[in-house]
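Observations on chain architecture
Below, each chain spelled out in residue letters.
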Amino acid sequence: MRYSLITRFAFPYIILILAVMGGLSLAVSYSLRDTYTDNLKIRLMGETRELAKDASELLISGEISGMERLAMEYARLLNSRATIIMADGTVVGESQTDLEEMENHLKRPEVQSAIMGEDASATRISSTLGKSFLYTAVPIYIEEKITGVARLSITLTEVETSIRSLNRAILVATAVATLLAILLTFLITNWTTLPFRRLSNSINKMKNLSESQLTDLGDKDELLQLDHAFTSMSQQLQSQIDE
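Residues numbered from 1 in each chain as written. Predicted model: local features only at pLDDT ≥ 70, side-chain atom pairs only at ≥ 80, totals over all residues. Heavy atoms only, no water.

**So, the nonpolar core**
Our working rule: Put simply, a nonpolar core is a bunch of buried Ala, Val, Leu, Ile, Met, Phe, Trp, Tyr and Cys residues held in one set by side-chain atoms that sit within 4.5 Å of each other. For every residue, the accessible area obtained with a 1.4 Å probe (protein chains only) is divided by the maximum for its type, and the residue is called buried under 20%, exposed over 50%, and partly exposed between those limits. Numbering goes from the N terminus for both helices and strands, where a helix is a DSSP run of H or I of at least four residues and a strand is a run of E of at least two. Here a residue-residue contact requires only that any non-hydrogen atoms of the pair lie within 4.5 Å.
One finds Leu-51, Ala-55, Met-67, Leu-70, Ala-82, Ile-84 and Ile-140 to be the most contacted residues of the largest nonpolar core, which totals 23 residues. For this core, the elements supplying multiple residues, two or more each, are helix H1 (5-60), helix H2 (67-78), strand E1 (81-86), strand E4 (132-142) and strand E5 (145-155). Top contributing element to this core by residue count: H1, with eight residues. Beyond its immediate chain neighbours, meaning those up to four positions away, Ala-82 contacts Leu-51, Ala-71, Tyr-74, Ala-75, Gly-93, Glu-94, Ser-95, Arg-151 and Leu-152. The next biggest cluster of nonpolar side chains, apart from the first, holds seven residues, and it includes Val-91, Ala-114, Ala-137 and Val-149.

Laid out in structure tokens, this is it:
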């Protein structure tokens, strides 16, 4: 097999480019996943605070019956699941399940943290719907007293779908960048090795090699041709000196 000077120079760089771009793609993919999840959690937490504020106003006005409507409205606007829970764990507003089917939520970890006065988040499987959710929960205050918990959640299936779309975009960008880098490597290598190849061709012409010798050299790369040419010329010079 004939390995040209271009191939010898370019091949190691191509391997290096593939390794670097592959590693970079994986690193960016994992980093993007964490960043996307963190940003989603921050956004969901901000929206949950708004839900808690609106729920507090309804409780102050005594419109507990309006909690269901409020939960449905937030769920529709934010494309998420909204739940409003009283301090004793009773669900008074729920966007995806009938209230009569909702069990007491007091033991939910994010609800427990919110009742303690903390903005909380959790990733777990919903015991009501049997799906994995990202939850954010915020305490509902009335005159600095915690009277309930506002909670928003989004299925991790939606999160994974968004992350897969981002990963596909990263892979496409990486593939394009890799192909451009490989093309540039060949162009630079061709330009760099051009003097060597010209020198090799010139020496072969100066030697006036026979057709059979040129055929034999055709199976060698440029460096071997150049080495063969110098060796042959050295032998010819030595023969002339000896004569």
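So that's the structure; there's more coming.
**Re the sheet that holds E4**
The strands making up a sheet associate through hydrogen bonds between their backbones, and the pairing can be parallel or antiparallel. Selection rule: When DSSP finds at least two bridges between two strands, those strands are taken to pair. The convention used is that axes are lines fitted to C-alpha atoms, helices contributing only their stretch in contact, and that angles between N-to-C directions extend from 0 to 180 degrees.
Read across the open sheet, the five strands follow the order E2-E1-E5-E4-E3; overall the sheet is antiparallel. Taken across any chain shown, the strands that pair with only one partner, and hence form the sheet edges, are strand E2 (91-94) and strand E3 (120-125). Neighbouring strand axes in the sheet, compared pairwise and without regard to direction, differ in orientation by 25° on average. Against the sheet, H2 contacts E1, E2 and E5, and its axis sits at roughly 35° relative to E2.

**Thoughts on the confidence of the model for the protein**
Applicable threshold: Each residue gets a pLDDT score, which is the predictor's confidence in that residue and runs from 0 to 100.
Across the protein, pLDDT averages 78, with 74% of residues at or above 70. The secondary-structure element of the protein with the lowest mean pLDDT is helix H5 (residues 211-217), recorded at 46, while E1 shows the highest, at 94. This stretch, residues 209-215, has a pLDDT under 50; its non-local contacts, to residues over four places away or in other chains, come to three contacts.

**So, unusual backbone geometry**
Here Glu-143, not a glycine, exhibits a phi torsion of approximately 55°, which is positive. Of note, Glu-143 is situated in the loop between E4 and E5.

**Some thoughts on the pairing of E3**
Every second residue of E3 is oriented toward a common face, the buried set being Ala-120, Ala-122 and Arg-124 and the non-buried set Ser-121, Thr-123 and Ile-125. As judged from the six bridges shared by E3 and E4, these two strands associate in the antiparallel manner. Bridging across to E4, Arg-124 finds its partner in Phe-133.

**A short note on the pattern of salt bridges**
Charged atoms that come close allow side chains of opposite charge to pair. The test is simple: Here a salt bridge means any side-chain nitrogen of Lys or Arg lying within 4 Å of a carboxyl oxygen belonging to Asp or Glu.
Across all of its chains, the model carries eight salt bridges by this definition. Salt-bridge contacts for Arg-49 lead to Asp-119; the nearest nitrogen and oxygen are separated by 3.0 Å. Placement of Arg-49 in helix H1 and of Asp-119 in the loop between helix H3 (109-115) and E3 is noted, with a sequence separation of 70 residues between them. One salt bridge in this structure joins Arg-69 and Glu-73, with 3.8 Å as the shortest N-O distance. Placement of both Arg-69 and Glu-73 in helix H2 is noted, with a separation of four residues, approximately one turn of the helix. Its relative accessible area of 49% is what places Arg-69 among the partly exposed residues. Under the relative-accessibility criterion, Glu-73 is labelled partly exposed at 32%. Each of Glu-110, Arg-124 and Arg-151 takes part in salt bridges that share partners, so that together they form one network.

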